[in-house]
Each structure stands twice: as C-alpha cells, then as structure tokens.
Amino acid sequence: MKWQTAVWMVACLLFASLPRGQLYKEYHAFVGETVVLPCTTTSPGELTLSHSKLYWQIDSLLVHFFYNGQDLLASQDQHYRGRTSLFLDEMKHGNFSLRLSNVQPLDAAVYTCIYRQTGDLPNVTQKSKIQLIVSDPSSTEKAPSPSGHSQVSPKNPAVTPCLAILPLSFHLLVTLGIWHL
C-alpha cells in the first residue's frame, strides 16, 4: 500500500512539473499566405444556424462574428476587414473554421473560437483556442531538404514539457521503492 502511495506522489509531482496554462494547437503561416484556423463542434445532426452565435476573437478584439445565420462584421477590427471568411456551407455540420487571407505579422496571436447555440434549443457553448505563428519566409527558411522543400523550425518553448524535474522524480521513486523493500 505504501509503494502505491509513493508512485501516486511521483505521478502528482510529474503532473505538477508540466507547464502552466493551456497548450494551444499551433498553426504556422507565412506572411501573405491564406491559413485556415480550425474550429469544430461535435453536435449530433445539423445545427440550426438561425439560433447560433460564433465569435472569433483575440482577447477582446473581434476578428469575425456570425449571428443568426449571417456574418455581422460592422464591429470587426479594422485590421481584419476583408480578410476573414467562414465555410458557410459547412457550418450546419459543425465546421466553424476561420479562413484568414493575406496573413500579416500582426496576425500572430492566440485566437479564440466561441460557438453558442441559443433559442429554444438547449443552450450550448463551446470554446477552443488556436495559436497562429506567422513567419517571414525569407528569415525562417533553412537549407532545402533532400526532397527540395523548405523547412521551418518550431520556436515555441511553451509547448515543450518541463523535463528538469524528471531526474528528481526518478530519484525519489527509486529511494521510496528501496525504502519499502
């Protein structure tokens, strides 16, 4: 029983050593490209878009807004005007992905997709976050690979788990394991 407690303590210690905050799904784009930021719901059957709200935002900055079956872009941030669109024919099946064209360096951010179903239907809200990393093709290309394609190296240390605590955890596990033998 005490050995199980030791294992549980080490597991908790390992879990506590992971980076704080939410890890976002990362998407990379080069300046000038078009990128699709994914957002989907797992609702059974077709959705009633006339009773739906969809927000794409960065913190409180409105990137795209869809309300009761249509785009409402009057409050859209000027930086995104004319560069965002949704897949309207796929929305009733739960695809709320955002197409962002002519990607700019200032587009690099964590985007939040918030879908809210309203009306007589059960009130459903779903939220997801996507991090967009924007690169300048001239400054991030490495030497071509043997296949001839350029390679972009990932540069986000927040996604890499903190492994510094692993040797301590292993040492603790071995010490506790030997102590209970």
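Our subject is the structure that appears above.
Residues numbered from 1 in each chain as written. Predicted model: local features only at pLDDT ≥ 70, side-chain atom pairs only at ≥ 80, totals over all residues. Heavy atoms only, no water.

**Looking at the sheet that holds strand β1 (residues 25–30)**
Thought 1: Here 6 strands make up an open sheet; going across it, the order is β1-β9-β8-β3-β4-β5 and the pairing mixed. One side of each edge strand has no neighbouring strand; the edge strands of this open sheet are β1 and β5 (70–71).
Thought 2: With 6 bridges connecting them, strand β3 (residues 52–58) and strand β8 (residues 109–117) associate as antiparallel partners. Bridging across to β8, Q57 finds its partner in T112. (Pairing = 2+ DSSP bridges. Helix = DSSP H or I, 4+ residues; strand = E, 2+ residues; numbered from the N terminus.)

**Comments concerning the sheet that holds strand β7 (residues 98–100)**
Thought 1: Reading across the sheet, the 3 strands line up as β2-β7-β6 and stay open at both edges, with antiparallel pairing between neighbours. Only two strands of the sheet have a single partner each, and these edge strands are β2 (35–37) and β6 (84–86). For this sheet, the mean angle separating the axes of adjacent strands, direction not counted, is 30°.
Thought 2: With 3 bridges joining them, β2 and β7 adopt antiparallel strand pairing. Bridging from a neighbouring strand, L37 pairs with L98 of β7. (Axes fitted to C-alpha atoms, helices over the stretch in contact; angles between N-to-C directions.)

**Describing the nonpolar core**
Thought 1: Counting residues in hydrophobic clusters, the biggest one holds 25 residues, and the most contacted among them are L37, L54, W56, F96, Y111 and L132.
Thought 2: Secondary structure elements with two or more residues in this core: β2, β3, β4 (61–67), β7, β8 and β9 (124–135).
Thought 3: At 4 residues, β8 tops the list of elements feeding residues into this core.
Thought 4: In this structure L37 touches Y27, W56, S97, L98, Y111, I130 and L132, once residues within four positions along its chain are discounted. (Core = buried A, V, L, I, M, F, W, Y, C linked by side-chain atoms within 4.5 Å. Buried < 20%, exposed > 50% of the residue type's maximum accessible area, 1.4 Å probe, protein only. Contact = heavy atoms within 4.5 Å.)

**Some points on the environment of D107**
Thought 1: Among the secondary structure elements, D107 is positioned in the loop between β7 and β8.
Thought 2: Accessibility expressed as a relative area gives 0% for D107, which makes it buried.
Thought 3: Taking the C-alpha atoms as reference points, D107 and L132, 25 residues apart in sequence, are found 7.3 Å from one another.
Thought 4: D107 has contacts with H79, Y80, R83, L100, N102, L132 and V134, leaving out every residue within four places of it along the chain.
Thought 5: A polar atom in the side chain of D107 sits 2.7 Å from the backbone nitrogen of Q104. (Polar contact = N/O pair within 3.5 Å; in protein donor to acceptor, adjacent residues only side chain to side chain.)

**As for the pairing of β8**
Thought 1: Summarising burial for β8: 7 of the 9 residues are buried, a large majority.
Thought 2: When β8 meets β9, the two strands line up antiparallel, connected through 9 bridges. Within the sheet, the bridge partner assigned to I114 lies in β9 and is K127.

**A word on the environment of S97**
Thought 1: Position of S97 relative to the elements: it lies in the loop between β6 and β7.
Thought 2: For S97, a relative accessible area of 5% puts it in the buried group.
Thought 3: Along the chain, S97 and W56 lie 41 residues apart, while their C-alpha atoms are 9.3 Å from each other.
Thought 4: With near-sequence residues (within four places) excluded, S97 lies in contact with V36, L37, P38, C39, W56, S85, L86 and F87.
Thought 5: Separated by 3.3 Å, the side chain of S97 and the backbone nitrogen of C39 make a polar contact.
Thought 6: Only 2.7 Å separates the side chain of S97 from the side chain of N95, close enough to count as a polar contact.

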